[in-house]
Structures are given as C-alpha cells and as structure tokens.
Amino acid sequence: MRYRILTVDDSKTVRIIVRKAFKAFDCDIFESANGVEGLAVAGKETPDVILLDVTMPVMDGVEMLTKLKADPQLKGIPVVMLTAEGGRDNVLKVAKIGVRDYIVKPFKEDVLIEKIGRIIDLKPLSESGAKPKSILDSCEVLIVEDKPVIIEQIKDGLKHTPWRLTGVGTVGEATEACARQIPDIVLISLSLPDDGAFKLFRNLRANLKTKYTPIFALVVKTEAAAQQQAQQTGFSAIATKPLEIPDLEAKMAKAMNLDTSPRYFTIEKGLFLMRLPENCSPIAVNEMTNYLKPKLAEAVDAGVSRAIIDAHEVKGLNMTIIKLLFQTMQTCRELAMQFSLVGNPQIVAECKGFEDTRNWSFFESMNDARAHLAATAPAPREPGRPAEVAAAAPA
C-alpha cells in the first residue's frame, strides 16, 4: 500500500523540502499552495495525512482545517500543522478544532519524518514492491573505520563495482555523511573508541531514514566477545578481518537485495547468453546456479530458443564448474533450447581429461557460436505450410 501525503503550503521551498524528505519512502506526495487548492486535492485524492501550513493567502490553514473537520468524508484524515516560531498561539486554536501534531518552522527533515512516521507506517522503497536494484546499479556505501588502510583495502577491492564508497573515521563524521546522503549500506568497525560502533548503530536504528539500512560489523576474526555483542545488538552481518573482499561483496549485495543475475545472464539479439567470470569462485557458481532455471525459463517465455554458454574467461576447471555446465546444458535440453559452448584452449584441453566431458564441443569465439546457432536454427514455417514439411526443408 502506497501512502498519500498532502502538503498545503504557500512556500514552494517548504513543499520542496517535504518532497525531498519522503523521496526514499514508499509514498506519493501531493502539493497545494493554499487552503482552497488543498480542499480540492483532499477531496479528490483522500490522503492518509495532511501537512497544513497555518498562514496562507486565499484560505489559511485554520479555515481549511475547519472545513476538513466539517466534511464527513475528510474529517478522519490526520492533520499535522506547520506554524512559524512566532505563531505558537495558533497551536491552541487549531488544537480545539482537532490536529494530530504540529511542527514549528524552520524544521529539519528528520523531525518531519519522525512526526509523520508516528501516524503512518513509512517504509523505504526497498521494503515496498518497487523493482529491486541490480548489481549494475549505483549504491551508496558508507565505511566507518578508524584505520585508513582498511578503508583503502575495501575501496580497492570493490573498485570494479558501480558503488560509491565513502570512508570516514569517526562517529561524528559518519552522522554528517548520513545527513548529506542516506547510505544503502553501512560498514562499521567495532574498534571505534568509546564504544562508538554500538552508539552509531543505535543512532542509525533510531533514525527513520536509516532504520532499515543494512549495517555490517567489521571485527578481527579472533575477537569472539565483540562478535557476540554485535550479534546480540542486531548488526545485519559480521565481516571478519583480514577481509575476504569477494565474500564481503557477496554478503553486501545480498543484504542490499541486489539482483546479481546481470553479471552472468543477458539476452542479446535474440540469444540467451550465460557468461562465466574469470574468477569462477564458489560464490559465483552458487549465484549462477540459483538464477539458472528462472532465467532460462524467462528467456523461453520471451520467445528466445537459443543459448550460448561462454566459459572462455575461466582459467581452469573444477568439479563445481563442471557440475554447473552439466546443469546448464541439461536445463537447455529440457526447455528445447539449442545451445553452443565457448571456451579457451585451456578449458578444451582439461575437458579432454574427464570421461564425462571429453566429447564436449567448444567454439573459439562468440561470433563462431552465434554463426553456428544461426545456421542450425529451424527454418521459419511459411503461412499455410504444414509444420512437419517446414521442419524437413533444407536450411
């Protein structure tokens, strides 16, 4: 359910602040510049909450509130009044008419989100039915670590990703960084002085903007007590030092609910392409295995009937990779998909050494594989021509 928030204010700046504050949440924002427009929008959209300024031209907030409460269809809508510092006396007047809360201008986004969050269940877009991010999309990563060498290690290890990594060394800097840009994930070192990691964790969880943000603890592998405390506190995951960057990256992608399939599976020019990475680690193989059948089924459902399994970047075979290739070819056969294999001389030579793979046939390049699939594709059936005759026609 997408909540609807109506902001009624003659200040365009205030309306921009409101829209910006709720940008990261699953809700629709409607705007009006005075009470007359506000009543019209409220009657049409039936918002879940109204942010109503007191002082406006044409019709002020008090008059609009009075009319709202007199309308049987609108009187139940919660209203939060906005008033200037010098207008606190207005609060008593509107309280008698009926408001849920009030905010004194100027106000910060955090205050606004907190007040509205008490009335409706604000959820980040990642918690809603919005399309999840892909591994190829940009993400904001905040690293809070008092040892610069660790920050540089993480940045260097993840430089192949489109993620934007920001490293800071103190709780104060982390708080300022979150105020400037809401992170998609936060990595916090448990070595921060004065119990800083746990203080920062509590602050992030208390803020509605970061309440659902994944938070990882960075800790030395042998510090069992610190790890146990992090688990009990509620950290999303624990990454132990020395850091295994591929493992950390996989855990981060999972925590951010990123779709990693585009790394391995694409559809190009009517062909389903599966590309095995150079570092075909157990993590990568596991990801490909999990996505394999759904992605092939999607391709077939979209009318794609030919596939290329590209292993030319793989440096060497092992049983997990062989098992993955077996499963891929078997699934293609089950779905009646034609397929071709692409491999380098090393892979071809290693396949000759296994009884079950020595008869596998590889092409040297993607172009050769494409040409082969194009040459062996079934001839299109002419209108009115029997299917069995078309299938038997020469290519």
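Every value quoted in this text rests on a predicted model; they were computed, and no experiment measured them.

### Describing the overall build of the chain
Across its full length, the chain holds 15 helices and 15 strands. At 29 Å, the chain has a C-alpha radius of gyration far larger than the 21 Å of a compact globule built from 395 residues. Seen through its C-alpha atoms, the chain measures out along the principal axes to roughly 85 × 70 × 30 Å. Restricting to contacts in the chain with at least 6 residues of sequence separation, those with at least 24 account for 67%. Put simply, the chain shows about 20,800 Å² of open surface, and 52% of that area lies on carbon and sulfur atoms.

### Details of the packing of helix α7 (residues 171–180) against helix α8 (residues 196–206)
Relative to each other, α7 and α8 sit at 25°, their axes nearing to 10 Å. Taken together, the axis directions place α7 and α8 in an arrangement best described as roughly parallel. Crossing of α7 against α8: the hand is right-handed. On the side of α7, the interface is formed by Val-171, Ala-174, Thr-175 and Cys-178, while α8 contributes Gly-196, Leu-200 and Leu-204. In terms of residue class, the contact of α7 with α8 is made up of 5 nonpolar, 2 polar and no charged.

### A short note on the sheet that holds strand β1 (residues 3–8)
Read across the sheet, 5 strands follow the order β2-β1-β3-β4-β5 without closing on themselves; strand pairing throughout is parallel. Whereas interior strands pair on both sides, the edge strands pair on one side only; in this sheet they are β2 (27–32) and β5 (101–105). Across the sheet, the axes of successive neighbouring strands diverge by a mean angle of 20°, strand direction being ignored. Where β1 and strand β3 (residues 49–53) come together, 4 bridges link them in parallel fashion. Across the sheet, the residue bridging to Ile-5 is Val-49, located in β3.

### Things to note about the packing of helix α11 (residues 282–301) against helix α12 (residues 319–334)
With their axes 11 Å apart at the nearest point, α11 and α12 run at an angle of 0° to one another. In terms of orientation, α11 and α12 fall into the roughly parallel class. Listed contacts from α12 to Val-285, Met-288, Thr-289, Leu-292, Lys-293 and Leu-296 of α11 are Thr-320, Ile-321, Leu-324, Gln-327, Thr-328, Thr-331 and Cys-332. Taken together, the residues of the contact of α11 with α12 break down into 7 nonpolar, 5 polar and 1 charged.

### A short note on the environment of Val-168
Relative to the helices and strands, Val-168 is located in strand β7 (residues 164–168). A C-alpha to C-alpha distance of 13 Å links Val-168 and Ala-197, two positions 29 residues apart in sequence. Contact partners of Val-168, with chain neighbours within four places excluded, come to Leu-142, Ile-143, Val-144, Glu-145, Ile-151, Glu-173 and Ala-174.

### What about helix α14 (residues 366–376)?
One turn of the α-helix equals 3.6 residues, which is why residues spaced by three or four share an orientation. Within the sequence span of α14, burial applies to Met-366, Ala-369 and Leu-373. Taken down its axis, α14 places every buried residue within 65° of arc, on the same side. In this structure, α14 carries Asn-367 and Ala-375 as exposed residues pointing more than 90 degrees from its buried face. Buried residues along α14 sit in contact with β12 (271–275), β13 (306–310), β14 (338–342) and β15 (362–363).

### Focus on the pattern of salt bridges
Summed over all chains, the structure comprises 21 salt bridges. Residue Lys-133 is joined to Asp-184 by a salt bridge in which the shortest nitrogen-to-oxygen separation is 3.5 Å. Of this pair, Lys-133 sits in the loop between α5 (109–117) and β6 (140–144) while Asp-184 sits in the loop between α7 and β8 (185–189), placing them 51 residues apart in sequence. Residue class for Lys-133 comes out partly exposed when judged on its relative accessible area of 33%. Given a relative accessible area of 26%, Asp-184 falls into the partly exposed group. In this structure, a network of salt bridges that share partners links the residues Asp-101, Glu-114, Lys-115 and Arg-118.

### Structural notes on the pairing of β3
With 5 of 5 residues buried, β3 lies mostly within the body of the structure. The alternating pattern of β3 places Val-49, Leu-51 and Asp-53 and Ile-50 and Leu-52 on opposite faces, both of which are buried. Note that β3 and strand β4 (residues 79–84) share 4 bridges and pair parallel. Looking at β4, one finds that Leu-51 is bridged to Val-80.

About the thresholds
Residues numbered from 1 in each chain as written. Predicted model: local features only at pLDDT ≥ 70, side-chain atom pairs only at ≥ 80, totals over all residues. Heavy atoms only, no water. Helix = DSSP H or I, 4+ residues; strand = E, 2+ residues; numbered from the N terminus. Rg over C-alpha atoms; globule rule 2.2 N^0.38 Å. Contact = heavy atoms within 4.5 Å. Areas by Shrake-Rupley, 256 points an atom, 1.4 Å probe, with all protein chains shown as cover. Axes fitted to C-alpha atoms, helices over the stretch in contact; angles between N-to-C directions. Parallel < 35°, antiparallel > 145°, perpendicular 65-115°, else oblique. Left-handed = near helix turned anticlockwise from the far one by under 90°. Nonpolar A, V, L, I, M, F, W, Y, C, P; charged D, E, K, R; others polar. Pairing = 2+ DSSP bridges. Buried < 20%, exposed > 50% of the residue type's maximum accessible area, 1.4 Å probe, protein only. Arc of directions from axis to C-beta. Salt bridge = Lys/Arg side-chain N within 4 Å of Asp/Glu carboxyl O.

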